[in-house]
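Structural characterization, general
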Amino acid sequence: MDKIRIRGGRQLDGVIRISGAKNAALPLMTAALLTPDPLVLTNVPELADISTMGKLLVELGVGFERIDDKVTLTAPDGGSTTADYDLVRKMRASVLVLGPLLARHGVAKVSLPGGCAIGARPVDLHLSALEAMGAEIKLDGGYVYASAPKGLIGTRIVFPKVSVGATENLLMAAALAKGTTVLANAAREPEITDLAECLVKMGARIEGIGSDSLTITGVDGLHGATHAVVPDRIETGTYAIAAAITGGSVELKGARLDHVQSLAQTLAKARVDVTLTPDGFRVVRRNNRIRGVDVMTEPFPGFPTDMQAQMMSLMTVAEGAAMITETIFENRFMHVPELARMGADVTVHHSSALVRGVETLRGAQVMATDLRASVSLVLAGLAAEGETVVNRVYHLDRGYEKLEQKLAACGADIERVAA
Ligand SMILES: CC(=O)N[C@H]1[C@@H](OP(=O)(O)OP(=O)(O)OC[C@H]2O[C@@H](n3ccc(=O)[nH]c3=O)[C@H](O)[C@@H]2O)O[C@H](CO)[C@@H](O)[C@@H]1O
Ligand SMILES: C=C(OP(=O)(O)O)C(=O)O
């Protein structure tokens, strides 16, 4: 298994171009299941999760062609409606095929995704909302059997909890339902807005895009479209912290500051400068020490759970203490013991972590069990004295396109070592 080796202590200076968002590209790819016409997506990042979704769609009979950052997906009539365990278990976003398959074909059999390192992550909200639209749902042998032979029927759905995936699944299902569906207490992450805008290009009728209440008037059929995937706000935030933690200056080209407002506010409180540039924004910290700032994760526009581990790395070297509270996932502090191996002082109590800043971290052999925890160790390694080796690089390959190249181009001493 490959490893990442970092020799820390170098400032990062330069420019990083932000890739398309994994968490937008994945649902957009499943939207191809809604129409027999080609859906052309551009700015699609090259990531393990995108290949996994491609393989799952091919198993469902979808034509998949990739040329550079452009992916063309064509889902002819008569494709399969079964998503097998082997691919679904690799990536939870696979459950997003359920809504589109059911809406288009009236039937779907999709493996339950199961839990993962960061939490149990049930899909009950997806299933009960589809039931409210008239679907019959049965669970058997680890599979969801869903059917709606006469089609899904629009209704008012009030999500008891904000869920990105459930909002996406229902948005796609409602696009082809009979009548009007209202999704109240919907998630409003930029990836949902991106999906909604693509669906509108495909002929869907959606009002309230960008808000927590979406009104979808079902149509008889959708057509093909071309859509550019929104820039990745989590990749953006990760490299913003890379600049901050190393005391450097990095311009994030293509990044959307309006998608990372809560992070930018936190960085400003921590004494990191964020300034707009014509094509993105620049993050600068020079001679001052980072100041400890409390952070609590929340649905968008609050501070994203997918940036919590990276922010914790920054806070480990802050002046003073920071309380980091995780409200979205019940087990998302796996980076804490690994950061402690690098000299960080962190105490976890239930869903909060008290981080007492130290002067410096020291390099170590580390590994993590999920994507953002892994990248938080890379960030810590960039700031640490000496050598850090991050194992289990396959987690990073799920979500960071050309990670080592992007960081090395700004002066980081980082390389991938084949095992
Ligand atoms: C591919 C993708 O876009 N993944 C993102 C998506 O995951 P995902 O869509 O899985 O996350 P959700 O927003 O659904 O999860 C939020 C919370 O709701 C719970 N829940 C969710 C669904 C459900 O049916 N029942 C239930 O209890 C989850 O366990 C979690 O505690 O949003 C998360 C929250 O921003 C991000 O961390 C993930 O990176
Ligand atoms: C948790 C994440 O992804 P997924 O929902 O695919 O596990 C993530 O992108 O940080």
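Rules used throughout
Residues numbered from 1 in each chain as written. Chains lettered and ligands numbered in written order. Predicted model: local features only at pLDDT ≥ 70, side-chain atom pairs only at ≥ 80, totals over all residues. Heavy atoms only, no water. UniProt positions renumbered as here; feature names shortened; annotations may be inferred. Helix = DSSP H or I, 4+ residues; strand = E, 2+ residues; numbered from the N terminus. Buried < 20%, exposed > 50% of the residue type's maximum accessible area, 1.4 Å probe, protein only. Contact = heavy atoms within 4.5 Å. Pairing = 2+ DSSP bridges. 1 Å grid on protein atoms, 1.4 Å probe; cavity = no way out; pocket = protein on both sides within 12 Å on 5 of 7 lines; lining within 4 Å. Points joined across faces, edges and corners; volume = space filled by probe spheres on them. Nonpolar A, V, L, I, M, F, W, Y, C, P; charged D, E, K, R; others polar.

1. As for the UniProt feature "binding site: UDP-N-acetyl-alpha-D-glucosamine" (unreviewed entry) in the protein chain
The positions UniProt marks with the feature "binding site: UDP-N-acetyl-alpha-D-glucosamine" (unreviewed entry) are Arg 92, Arg 121, Pro 122, Val 123, Asp 124, Leu 125, Lys 161, Val 162, Ser 163, Val 164, Asp 306 and Ile 328. Structurally, the position occupied by Asp 306 is in the loop between strand 18 (295–296) and helix 10 (308–316). For Asp 306, a relative accessible area of 16% puts it in the buried group. Sequence-distant contacts of Asp 306, that is, excluding residues within four places in its chain, are made with Asn 23, Ile 234, Arg 332 and Arg 372.

2. Quick look at the UniProt feature "active site" (unreviewed entry) in the protein chain
On the UniProt side, "active site" (unreviewed entry) is annotated at positions that read Cys 116 here. Counting through the fold element by element, Cys 116 comes out in the loop between strand 7 (107–111) and helix 5 (124–132). Under the relative-accessibility criterion, Cys 116 is labelled partly exposed at 32%. Residues contacting Cys 116, with those up to four places away along its chain left out, are Arg 92 and Arg 121.

3. Some remarks on the sheet that holds strand 21 (residues 352–356)
Sheet architecture is open: four strands sit in the order 18-19-21-20, paired in mixed fashion. Sheet topology places strand 18 and strand 20 (345–349) at the edges, where each strand pairs with a single neighbour. The pairing of strand 18 with strand 19 (residues 321–325) spans two bridges and is parallel. Paired with Met 296 across the bridge in strand 19 is Thr 325.

4. Overview of empty space enclosed by the protein
Throughout the structure, instances matching the rule amount to two cavities of 30 Å³ or more. Estimated volume of the largest cavity: approximately 40 Å³. Lining the largest cavity we find Leu 33, Leu 60, Val 62, Ala 75, Pro 76, Gly 79, Ser 80, Leu 101, Arg 104 and His 105. Looking at the lining of the largest cavity residue by residue, the class counts come to six nonpolar, three polar and one charged. By volume, the second largest cavity is sized at about 30 Å³. Every residue along the wall of the second largest cavity is listed here: Arg 233, Ile 234, His 259, Val 260, Leu 263, Pro 304 and Met 307. Per-class residue counts for the lining of the second largest cavity are five nonpolar, one polar and one charged.

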